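Single-letter residue listing:
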Amino acid sequence: MNLLTTGEQILRLILAVILGMIVGFEREKAHKPAGLRTHILVCLGSCLFTIISLEFIVDPARIAAGIVAGIGFIGAGAIIAEQDKIVGITTAASLWITAAIGLTVGVGNYVLAVTATLLTLLTLFSRAILKKCIK
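The structure displayed is predicted, hence computed values, not measured ones.

### Brief notes about the packing of helix α4 (residues 89-106) against helix α5 (residues 110-134)
Angle between the axes and distance between the axes are the two parameters that describe a pair of packed helices.
Here's step 1: The geometry of α4 relative to α5 is characterised by a closest axis approach of 8 Å and an angle of 165 degrees between their N-to-C directions. Considered as vectors, α4 and α5 are oriented roughly antiparallel to each other. Our pair here, α4 against α5, has a crossing hand that is left-handed. Contacts from Thr90, Ser94, Ile97, Ile101, Thr104 and Val105 of α4 reach α5 at Tyr110, Leu112, Ala113, Ala116, Thr117, Thr120 and Leu124.
Here's step 2: When grouped by side-chain class, the residues that make up the contact of α4 with α5 number eight nonpolar, five polar and no charged.

Structure below.
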């Protein structure tokens, strides 16, 4: 059992909020239905479930598996079929990676979580970056 101090638990939750906010800001700016608040809550919730699993459950992998399954359900709700196209796949993927970032913060791997957040942001902005490079 991994006993964290209350301060460490709070630090992890705050970092999860910040990292979720970074990803959610881009989705909000792009006027997507799952924006800032949704990404913050997904990251925070994943982190909290991970902290709880480290504190009270013998097999934390079970909670991680539950997070992955649960976020799949939320992501499916973000995907909408329109007349001749499907929208929301990138938003669903951003929710999925945000859950993974929260889980990573929850286990205490801050460098990996921050790196994943920056790579996610780079990916989400890649279309705009590419368009500027082509012009």
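From this point on, the discussion continues.
### Points about the side chain of Ser53
Here's step 1: Assignment of secondary structure puts Ser53 in helix α2 (residues 36-56).
Here's step 2: The class for Ser53 is buried, based on a relative accessible area of 1%.
Here's step 3: For Ser53, the side chain forms a polar contact with the main-chain oxygen of Thr50, separated by 2.7 Å.
Here's step 4: The contact partners of Ser53, leaving out residues within four places of it in the chain, are Pro60 and Ile63.

About the criteria used
- Here, residues in each chain are numbered from 1, in the same order as that chain's written sequence.
- Selection of residues for local features in this predicted model requires a pLDDT of at least 70, selection of side-chain atom pairs for listing and counting requires 80 or more, and totals for whole chains, interfaces and linings are taken over all residues.
- With hydrogens and water excluded, all non-hydrogen atoms of the structure serve as input to the side-chain values.
- Here an angle of 0 to 180 degrees is reported between the N-to-C directions of two axes, which are lines fitted to C-alpha atoms, with helices fitted over the stretch in contact.
- Here a strand is any run of E in DSSP of at least two residues, a helix any run of H or I of at least four, and the numbering for each starts at the N terminus.
- For this classification, under 35 degrees means roughly parallel, over 145 means roughly antiparallel, 65 to 115 means roughly perpendicular, and everything else is oblique.
- The crossing is said to be left-handed when, going from far helix to near helix, the turn is anticlockwise and less than a right angle, and right-handed when the turn is clockwise.
- Should any heavy atoms of two residues lie within 4.5 Å, those residues are counted as being in contact.
- All amino acids are sorted into three groups, where Ala, Val, Leu, Ile, Met, Phe, Trp, Tyr, Cys and Pro are nonpolar, Asp, Glu, Lys and Arg are charged, and the leftover types, Gly among them, are polar.
- Think of it in three bands: with a 1.4 Å probe and only protein chains considered, a residue is buried below 20% of the maximum accessible area for its type, exposed above 50%, and partly exposed in between.
- Polar contact is the term for a pair of N or O atoms within 3.5 Å; when the atoms are in protein, one must be able to donate a hydrogen and the other to accept it, and sequence-neighboring residues count only if both atoms are side-chain atoms.

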